[in-house]
Amino acid sequence: MELLSKTKLAKVIHVNSDECVNCHACIAACPVKFCNDGSGDTVMVNEDMCIACGQCIKACSHKARSIIDDFNLFINDLNNNTKIICIVAPSVVASFPKTYKHLNGWLKSLGIPFIYDVSFGAELTVKSYVDYLQQKSPNTLIAQPCPSIVSYIQIYKPELIEHLAPADSPMVHSMKMIQEFYPEYSDYKIAALSPCAAKKREFEETGYGDYLLTFQSINNYLEKNNIQLNDFPEHNYDNPKAERAVNFSTPGGLLKTIERWIPDIGDNSRKIEGPDKTYTYLNQLTNNIDKGIAPLLIDCL
């Protein structure tokens, strides 16, 4: 991801004022707090301070907060014969554990001609990391597949920006590869299926990606319309298979993939995941870098 511009950040959290009771559970769950305004009858969100992590949605028992994505626009455009292809995050296996290939079948039934496994894009991202580590020999490199972590650094810890890996995320790598090696889809729009609402920020910053479809929105649509994925045939992805990077979205997946080229990378790396640990760790990282005790690679999700 590039540095944040002076334009307003994409709004990814919707607040339903009719459901909000101003209980402040969202503020308690928020890793940064400052994006919430609880001074009125409804806790509102300042998107320019929000890192789009979605913790507030999980914490809201009143269902007053929800994700903003492009699912409805995607369906409307398909109905209007817009040409669209899809890329799918490897974490689809966790959200649709027994039906993710049937999900591909459903997408095909909607008229999607090409479905790309972002795991292969993760292989490209890891190779970019390896090239940078070997050619530039940085003291510390912070992996950046997670746009919420990138937003946190850009907004609240800008002194760490120089340590962010200067490489595209697996999704942006995937879109660039499609653009270069699949010219037959050059005039197609790209819909990205992801668990992450914050990806909308990344797409706006990089200029890649036309629709963000969160797994939650897809599941809600399927349930609302009584669509059973098992009713659709299984379909494999249309791109080459990935190897170790199929585990990229799981804890330690990045390190396991990099070990193909740098076998001992784990000896000088730190794996950290979860909002309860990651942001606290990043808050201390500058001091550790200054003291020369920070790891070479920080794999955080």
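Everything in this summary refers to the structure shown in the same document.

As a further point, take the overall build of the protein. Looking only at helices and strands, one finds 12 helices and 11 strands in the protein. Taken over the C-alpha trace, the protein has a radius of gyration of 20 Å; the compact-globule value for 301 residues is 19 Å, and the two agree within 12%. In terms of principal-axis extent, the alpha carbons of the protein reach across some 55 × 55 × 35 Å. Considering the protein as a whole, with its 301 residues, one finds that 51% of them fall into the buried category. Taking the contacts inside the protein whose residues are at least 6 apart along the sequence as the reference set, 74% of them involve residues at least 24 apart. Of the roughly 14500 Å² that the protein leaves accessible, carbon and sulfur atoms contribute 47%. The centroid of the 28 positive side-chain charges in the protein is displaced by 3 Å from the centroid of its 35 negative side-chain charges.

So, on to the sheet that holds strand 6 (residues 115–117). Spatial strand order, 6-5-8-9: four strands in an open sheet with parallel pairing. Looking at the sheet topology across the chains shown, the edges are occupied by strand 6 and strand 9 (211–214). The mean angle between the axes of side-by-side strands here comes to 25°, regardless of whether they run parallel or antiparallel. Two elements, strand 8 (residues 189–194) and strand 9, share four bridges in a ladder whose sense is parallel. Note that in strand 9 the partner of Leu193 across the bridge is Leu213. Along the sheet, helix 6 (residues 118–136) contacts strand 5 (84–88) and strand 6; its crossing angle with strand 6, the most-contacted strand, is approximately 45°.

It is worth spelling out helix 10 (residues 215–224) at this point. Buried within helix 10 we find Phe215, Ser217, Ile218 and Leu222. One side of helix 10 carries all its buried residues, which in axial view fall inside an arc of 165°. Those residues of helix 10 that are exposed and angled more than 90 degrees off the buried face are Glu223 and Lys224. Against the buried residues of helix 10 lie helix 3 (71–79), helix 4 (92–95), helix 5 (100–109), strand 8 and strand 9. Where helix 10 ends, the next residue or the one after it, Asn226, has phi of about 50°, a positive value.

With the rule as written, the count across this model stands at nine salt bridges. Between Lys108 and Asp238 there is a salt bridge, and its shortest N-O distance comes to 2.9 Å. Of this pair, Lys108 sits in helix 5 while Asp238 sits in the loop between helix 10 and helix 11 (253–258), and the two are 130 residues apart along the sequence. Overall, Lys108 belongs to the partly exposed group, its relative accessible area being 22%. A salt bridge links Arg260 to Glu123, with the shortest nitrogen-to-oxygen separation between them at 3.0 Å. Remark: Glu123 occurs in helix 6 and Arg260 occurs in the loop between helix 11 and strand 10 (269–272); sequence separation between them is 137 residues. According to the relative accessible area criterion, Arg260 is partly exposed, its value standing at 28%.

Further remarks concern unusual backbone geometry. One non-glycine residue, Asn22, lies in positive phi territory at about 60°. Inspection of the secondary structure puts Asn22 in the loop between strand 1 (13–15) and helix 1 (25–29). On the accessibility criterion, Asn22 (23% relative accessible area) is partly exposed.

Parameters at a glance
Residues numbered from 1 in each chain as written. Predicted model: local features only at pLDDT ≥ 70, side-chain atom pairs only at ≥ 80, totals over all residues. Heavy atoms only, no water. Helix = DSSP H or I, 4+ residues; strand = E, 2+ residues; numbered from the N terminus. Rg over C-alpha atoms; globule rule 2.2 N^0.38 Å. Buried < 20%, exposed > 50% of the residue type's maximum accessible area, 1.4 Å probe, protein only. Contact = heavy atoms within 4.5 Å. Areas by Shrake-Rupley, 256 points an atom, 1.4 Å probe, with all protein chains shown as cover. Lys, Arg positive; Asp, Glu negative; His and termini not counted. Charge placed at Lys NZ, Arg CZ, Asp CG, Glu CD. Pairing = 2+ DSSP bridges. Axes fitted to C-alpha atoms, helices over the stretch in contact; angles between N-to-C directions. Arc of directions from axis to C-beta. Salt bridge = Lys/Arg side-chain N within 4 Å of Asp/Glu carboxyl O.

What is shown is where atoms sit, not what they do.
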